[in-house]
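# Commentary on secondary and tertiary structure
This is what each chain is made of:
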Amino acid sequence: VAEACDSYLWNDSIYTESGLYEQLFSTVWGCDSIVRLDLTVNYAPGIEAIEGTAEVDVLFEPTSTYAASGNTGSPDDFIWTITPEEAGEISATMNQATVTWSNDYKGEAIINVKAFNQCGQAESRMAVNVKNSTGVDENDLDVKVYPNPTNGIVSIEAEGLQRISVTNTMGQTL
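Residues numbered from 1 in each chain as written. Predicted model: local features only at pLDDT ≥ 70, side-chain atom pairs only at ≥ 80, totals over all residues. Heavy atoms only, no water.

Pairing of strand β9 (residues 77-83) with strand β12 (residues 107-117) involves 7 bridges; the strand directions are antiparallel. By the bridge assignment, I79 is partnered in β12 with K114. In the sheet, β12 pairs with strand β13 (residues 120-131) via 11 bridges, with the strands oriented antiparallel. Bridge pairing in β13 links V113 to S124. Counting the residues that bridge the hairpin from β12 to β13 gives 2 residues. (Pairing = 2+ DSSP bridges. Helix = DSSP H or I, 4+ residues; strand = E, 2+ residues; numbered from the N terminus.)

Structure representation (structure tokens):
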């Protein structure tokens with residue numbers, strides 16, 4: 001019984017797959033013997049990519065989920081990090097992670113994952129553009145909101161918006 005990482009050398013033969021192997025030997029006196037090998041070959045982990053949202057607006061999407069995809073080599077553990085740390089908090093369970101974005105952060109954040117097993121490690125990174133749309137001025141939009149202030153009906157004129165959220169001075173969504 002043997003276990004190896006990536007390959008195993010046995011009697012001048014290299015094996016790269018798990019299995020049962022036999023070799024026949026003959027002595028000078030004509031006696032034959034069979035030697036058997038029960039081999040398990042393990043492989044270093046691999047990660048093809050991180051899947052998830054590459055651009056987030058924390059006003060509309062305060063949390064995002066990411067997954068390490070194309071995993072090979074049977075990783076035993078994953079370590080997820082986010083840089084810079086002030087971009088948000090990351091929590092993970094094996095090959096999936098959730099980022100809770102900071103309300104105060106804008107800019108590029110890097111999501112990083114490392115996969116480990118007894119044969120080695122692999123790493124993948126993903127850049128995420130973090131936005132924080134807290135007002136009309138920050139989006140460089142041509143939007144008209146009137147009358148402002150008001151105690152009643154508000155009119156909003158804008159082109160090309162997919163979604164709009166209006167909040168009052170106490171942070172309540174109207």
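For the structure shown, the criterion picks out 3 salt bridges. Across the pair R36 and E22 runs a salt bridge whose closest N-O atoms are separated by 2.7 Å. Of this pair, R36 sits in strand β5 (residues 32-42) while E22 sits in strand β4 (residues 19-26), placing them 14 residues apart in sequence. Its relative accessible area of 59% is what places R36 among the exposed residues. Residue R125 is joined to E123 by a salt bridge in which the shortest nitrogen-to-oxygen separation is 3.5 Å. (Salt bridge = Lys/Arg side-chain N within 4 Å of Asp/Glu carboxyl O. Buried < 20%, exposed > 50% of the residue type's maximum accessible area, 1.4 Å probe, protein only.)

Moving on to the side chain of N42. In this structure, N42 sits in strand β5. By relative accessible area, which is 19% here, N42 ends up buried. A distance of 2.7 Å separates polar atoms of two side chains, one belonging to N42 and the other to E3. Here N42 is in contact with E3, A4, C5, D6, Q118 and C119, once residues within four sequence places are set aside. (Polar contact = N/O pair within 3.5 Å; in protein donor to acceptor, adjacent residues only side chain to side chain. Contact = heavy atoms within 4.5 Å.)

Attention shifts here to the sheet that holds β4. Pairing in this open sheet of 3 strands is mixed, and the strands run β1-β5-β4 from one edge to the other. Either end of the sheet is taken by a strand with one partner, and the two such strands are β1 (2-5) and β4. On average, each strand axis in the sheet is inclined to that of its neighbour by 35°, with strand direction left out of account. Strand direction decides the pairing type here: β1 and β5, joined by 4 bridges, are parallel. Opposite A4, over in β5, you have V41 as the bridge partner. (Axes fitted to C-alpha atoms, helices over the stretch in contact; angles between N-to-C directions.)

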